[in-house]
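Structural overview for review
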Amino acid sequence: SDALALLRADHQAVQQLFQQFEKTRSEDRKAALAEQICNELTIHAQIEEEIFYPAIREAIREPDLIEEATVEHQSAKDLIAQIQSGGPEGELFEAKVTVLGEYVNHHGKEEQNEIFPQARKTKIDLKELGQRLQQRKAELMESGGAAAGAASGALTGSRRSNQPAKTAKGRK
């Protein structure tokens, strides 16, 4: 698959995680989903910033879209850091994950509706670019993500694991 298909699949996968987060009542499940969301978004943003954006910046008609996308990434990264450092016990945990989902939904739509069509019209080899993205993504997932590496496990690790199990009423 090409670069655009890979990035689109990432967008769809993380949207499904956000939907699961919204639906679940289990605090443990919410914590696990939030950690997965944060890790996947961290890796996705990193491969876009390291490989995709530099490759298409000069080739597309509106390079300022890349600058806007980079600013959107920074806003998402700030929220991710807050979610990971506070964990599920943190202040406004669910609200932060929900707002992150809204940011990501908006950002994904902009990429898919504005950046991707322009990228497709360039002479860039999107298949080769997709292979580079996939390879880097695999490396980051194996290492736990460069930025996510230190924070990996922060959400579940920050939970009060020495507490007795919750009653079945709160579980799914």
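Read on for an overview of the structure.

What counts and how
- Residues numbered from 1 in each chain as written.
- Predicted model: local features only at pLDDT ≥ 70, side-chain atom pairs only at ≥ 80, totals over all residues.
- Heavy atoms only, no water.
- Helix = DSSP H or I, 4+ residues; strand = E, 2+ residues; numbered from the N terminus.
- Phe/Tyr/Trp six-rings, centres within 6.5 Å; stacked < 30°, edge-to-face > 60°.
- Buried < 20%, exposed > 50% of the residue type's maximum accessible area, 1.4 Å probe, protein only.
- Lys NZ or Arg CZ within 6 Å of the ring centre and 35° of its normal.

Overview of unusual backbone geometry
- Positive phi, close to 60 degrees, is recorded for L92, a residue that is not glycine.
- Examined against the element boundaries, L92 turns out to sit in the loop between α3 (64–86) and α4 (93–120).

Some thoughts on the packing of aromatic side chains
- Taken as a whole, this structure holds three aromatic pairs when the rule is applied.
- Between the aromatic rings of F21 and F93, the centroid separation amounts to 6.0 Å while the plane-to-plane angle is 65 degrees, which identifies the pairing as edge-to-face. On the criterion of sequence distance, the pair formed by F21 in helix α1 (residues 3–23) and F93 in helix α4 is long-range, its members being 72 residues apart.
- F21 sits in the buried class, given a relative accessible area of 1%.
- With a relative accessible area of 7%, F93 lands in the buried category.
- The ring of F21 carries the charged tip of K30 above its face, separated from the ring centre by 4.3 Å.

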